[in-house]
Amino acid sequence: MTIQEASERYNIPMEILREYESWGLCGEIKKIMGSWQYDDTDLKRLSLIMTLHDIGFESSEIEAYMRLREQEGTDAQRMRMLNQKRSCTLDEIHFRERQLERLDYLRFHIRKQTIDTNFKEE
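Cut-offs used in this document
Numbering of residues starts from 1 in every chain and runs along the sequence as written. Totals for whole chains, interfaces and linings use all residues, but because this is a predicted model, local features are given only for residues with pLDDT of at least 70 and pairs of side-chain atoms are given and counted only at 80 or more. Each side-chain value is derived from all of the structure's non-hydrogen atoms; neither hydrogens nor water enter the calculation. Each Phe, Tyr or Trp ring (for Trp, its six-membered ring) is paired with any other whose centre lies within 6.5 Å, and the angle between the two planes then decides the class: stacked below 30 degrees, edge-to-face above 60, tilted in between. Only when the NZ of Lys or the CZ of Arg is both within 6 Å of the ring centre and within 35 degrees of the ring normal is a charge said to sit over the ring. A run of DSSP states H or I qualifies as a helix once it reaches four residues; a run of E qualifies as a strand once it reaches two. Both are numbered from the N-terminal end. An expected span of 1.5 Å times one less than the residue number is assigned to each helix. For every residue, the accessible area obtained with a 1.4 Å probe (protein chains only) is divided by the maximum for its type, and the residue is called buried under 20%, exposed over 50%, and partly exposed between those limits. All axes are obtained by fitting lines to C-alpha atoms, using only the stretch in contact for helices, and the reported angles, taken between N-to-C directions, cover 0 to 180 degrees. Crossing handedness is defined as follows: a turn of the near helix away from the far one that is anticlockwise and smaller than a right angle gives a left-handed crossing, while the clockwise case is right-handed. For this analysis, residues touch if any pair of their heavy atoms sits within 4.5 Å. As used in this record, nonpolar core signifies buried Ala, Val, Leu, Ile, Met, Phe, Trp, Tyr and Cys residues forming a set joined through side-chain atoms within 4.5 Å. Criterion for a salt bridge: a side-chain nitrogen of Lys or Arg within 4 Å of a carboxyl oxygen of Asp or Glu. Relevant arc is that of directions from the helix axis to the C-beta atoms, nothing else. pLDDT measures the predictor's confidence residue by residue and takes values from 0 up to 100.

### What to know about the packing of aromatic side chains
- One pass over the structure, following the stated rule, counts 2 aromatic pairs.
- A cation sits over an aromatic face here: arginine 78 above tyrosine 65, 5.7 Å from the ring centre.
- Against the face of phenylalanine 57 rests lysine 85, its NZ or CZ located 5.3 Å from the ring centre.

### What about helix α3 (residues 40–54)?
- With 15 residues, α3 extends 21 Å between its outermost C-alpha atoms, agreeing within 8% with the 21 Å of an ideal straight helix rising 1.5 Å per residue.
- Along α3, the positions that sit buried rather than exposed are Asp42, Leu43, Arg45, Leu46, Ile49, Met50 and Leu52.

### Observations regarding the packing of helix α2 (residues 14–22) against α3
- Interhelical geometry of α2 versus α3 gives an angle of 115° and a closest axis separation of 11 Å. Between α2 and α3 the crossing geometry is right-handed. Seen from α2, the contacting residues are Ile16, Leu17, Glu19 and Tyr20; seen from α3, they are Asp42, Arg45, Leu46, Ile49, Met50 and His53.

### Things to note about the nonpolar core
- Formed by 22 residues in total, the largest nonpolar core has its most connected members in Leu17, Tyr38, Leu46, Ile49, Ile62 and Met66.
- Listing elements by their share of this core, those giving two or more residues are α1 (3–10), α2, α3 and α4 (59–69).
- The leading source of residues in this core is α3, at 5 residues.
- With near-sequence residues (within four places) excluded, isoleucine 62 lies in contact with Trp23, Ile49, Leu52, His53 and Phe57.

### A closer look at the pattern of salt bridges
- This model, assessed by the stated rule, comprises 6 salt bridges.
- Between arginine 78 and aspartate 75 there is a salt bridge, with the nearest N and O atoms lying 2.4 Å from each other. Note that arginine 78 and aspartate 75 are positioned in helix α5 (residues 75–121) at a spacing of 3 residues, about one turn of the helix.
- Relative accessible area serves as the criterion here: at 15%, arginine 78 is assigned to the buried category.

### A word on the side chain of threonine 74
- Take threonine 74: it is sitting in the loop between α4 and α5.
- A residue is classified by how much of its surface remains accessible, and threonine 74, at 2% relative accessible area, is buried.
- Once you skip the residues sitting within four places of it in the chain, threonine 74 turns out to touch Leu68 and Arg69.

### Section: α4
- Within α4, the full set of buried residues consists of Ile62, Tyr65, Met66 and Leu68. One face of α4 carries all of its buried residues, which in axial projection span an arc of 160°.

### Examining unusual backbone geometry
- The backbone of asparagine 11 sits at a positive phi, close to 55°, despite the residue not being glycine.
- Along the chain, asparagine 11 turns up in the loop between α1 and α2.
- You can call asparagine 11 exposed: its relative accessible area is 65%.

### Comments concerning the confidence of the model for the chain
- For the chain, per-residue confidence averages 87 on the pLDDT scale, and 90% of positions sit at 70 or higher.
- At the low end of the mean pLDDT range in the chain sits strand β1 (residues 30–32), at 60; at the high end sits α4, at 95.

Structure follows, in structure tokens:
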């Protein structure tokens, strides 16, 4: 499958495919008649890359993760990377929850003022 076919069929942005090729991790890719050919192994790697992108990894972090994945005995390092991203995501969620609480507090006071004002007018 060509880069264009992979992009269209699996909805993978071309820049991610080019990045993948530039990392030199695509050992299974064959160059035929001037275009790269992706096989099932590449598509599995690209699926993982897309997952890492979706969970917020930067390109440099993805490359590091994928390079570690190619080596034996790197499970602990990759787990640390995932745990760090999880921790950062939880921190962001908690921050957003505090924002929502404050937003709801302000909304409550506006509604309360409106009810109090309407009650006084009656």
